[in-house]
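Here is what each chain is made of, one letter per residue.
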Amino acid sequence: MLKNLINEYTIYMGNNSDTSKNTMNSYIGDIGGYGDYLNNEDIKDIKKTNKTIVLKYLMKLQKDGKATSTIARNISSIRSFYQFLLNNGYISEDPMINLKTPKIQKKIPEVLTIEEIELVLEQPDLNTLKGLRDRAMLELIYSTGIGINELISLDRSDIDFDLEIIKINSRVKRTIPIGSIAINYLERYLKVYKENSKSEALFLNRNKARISRQGLWKNIKEYEKKSGLEKKVTPQILRQSFAVHMIENGADLKTVQKILGHSDISTTQLYALTSENKNIREIYKNTHPRA
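Notes on the overall build of the chain
So, step 1. Scanning the chain for helices and strands turns up 12 helices and three strands.
So, step 2. The buried share among the 291 residues of the chain stands at 40%.
So, step 3. Within the chain, contacts between residues separated by at least 24 positions form 60% of all contacts whose residues are at least 6 apart in sequence.
So, step 4. Accessible surface for the chain amounts to roughly 17,000 Å². Of this, 48% is attributable to carbon and sulfur atoms.

Focus on unusual backbone geometry
Backbone geometry follows two general trends: most residues other than glycine have a negative phi, and most peptide bonds adopt the trans configuration.
So, step 1. The phi dihedral of Glu164 is positive, around 55 degrees, even though this residue is not glycine.
So, step 2. Of note, Glu164 is situated in the loop between strand 1 (159-160) and strand 2 (165-168).
So, step 3. The phi dihedral of Lys208 falls on the positive side, at around 65 degrees, and the residue is not glycine.
So, step 4. Assignment of secondary structure puts Lys208 in the loop between helix 8 (180-196) and helix 9 (213-227).

Looking at the packing of helix 2 (residues 21-40) against helix 3 (residues 51-63)
So, step 1. It is at 11 Å that the axes of helix 2 and helix 3 come closest, and there the two elements cross at 110 degrees. In terms of axis orientation, helix 2 runs roughly perpendicular to helix 3. Contacts from Asp30, Gly33, Tyr34, Tyr37 and Leu38 in helix 2 reach Ile53, Val54, Lys56, Tyr57 and Lys60 in helix 3.
So, step 2. In terms of residue class, the contact of helix 2 with helix 3 is made up of six nonpolar, one polar and three charged.

Some thoughts on the environment of Thr10
So, step 1. By the element assignment, Thr10 lies in helix 1 (residues 2-16).
So, step 2. For the pair Thr10 and Gly32, spaced 22 residues apart in sequence, the C-alpha to C-alpha distance is 9.7 Å.

Digging into the sheet that holds strand 1
So, step 1. Strands sit in the order 1-2-3 across an open sheet of three strands; the sheet is antiparallel. Strands with a single pairing partner mark the edges of an open sheet, and in this sheet they are strand 1 and strand 3 (174-177).
So, step 2. Where strand 1 and strand 2 come together, two bridges link them in antiparallel fashion. What sits directly across from Ile159, in strand 2, is Ile166.

About the cut-offs
Residues numbered from 1 in each chain as written. Predicted model: local features only at pLDDT ≥ 70, side-chain atom pairs only at ≥ 80, totals over all residues. Heavy atoms only, no water. Helix = DSSP H or I, 4+ residues; strand = E, 2+ residues; numbered from the N terminus. Buried < 20%, exposed > 50% of the residue type's maximum accessible area, 1.4 Å probe, protein only. Contact = heavy atoms within 4.5 Å. Areas by Shrake-Rupley, 256 points an atom, 1.4 Å probe, with all protein chains shown as cover. Axes fitted to C-alpha atoms, helices over the stretch in contact; angles between N-to-C directions. Parallel < 35°, antiparallel > 145°, perpendicular 65-115°, else oblique. Nonpolar A, V, L, I, M, F, W, Y, C, P; charged D, E, K, R; others polar. Pairing = 2+ DSSP bridges.

Below is the structure:
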């Protein structure tokens, strides 16, 4: 019975969930792990589960060394599963009621300095179409804070060169400005691009198909190596650097939140903390007699 309910929940999530595919797969994986635990405890009937059993499972995850964020996500997954069971009449009481999610210690985002960003941006060979494309992509990420999935999904029509804005049609739809430097490299790239392809996709690979996540990652890692930086360079770190540099230069959190498409401003506040820590270090260095 338990296996059938998990299968039914999986189908339900696939047909009705508004979450991303990765999040949905994580939830389904979490429920599968919870189901395995119940089977190992010889609990075959979901009606025989209760808050104590759920807490024992969470304690097991903690004992197994799972991160606080993973345990918190498991709570969300199991809560969603029990809500599904309750709404469909499989249980009469939800054991997750009043069960609190543990506080997650959020990691301070990694960022590059402005000088390090410029060093990375200078690595593509502008004498090649690939180099022009990569420079345009890197400039666009740093100019707008766009996410990797949003970037590779862009079409040419999503860029308005007259208004210098970009339309992002992901789960969080928004229109945001593009800096003049990024606009310049996009125009240079598209001038050559139009002579080579009629595809509507903005960024193409050598086979004239839309560039993939893997392709973008591979190219950025190439420029990381060429730059000689000891820091990691990834699309997410470029996005994070955009946010921190905006805040450092006076942008308010609400504006940065809207540009990045964050649903919760607490996520954006992490970038402010990074900026604040840097400013404290700079003030200390410039003012303490033995710094």
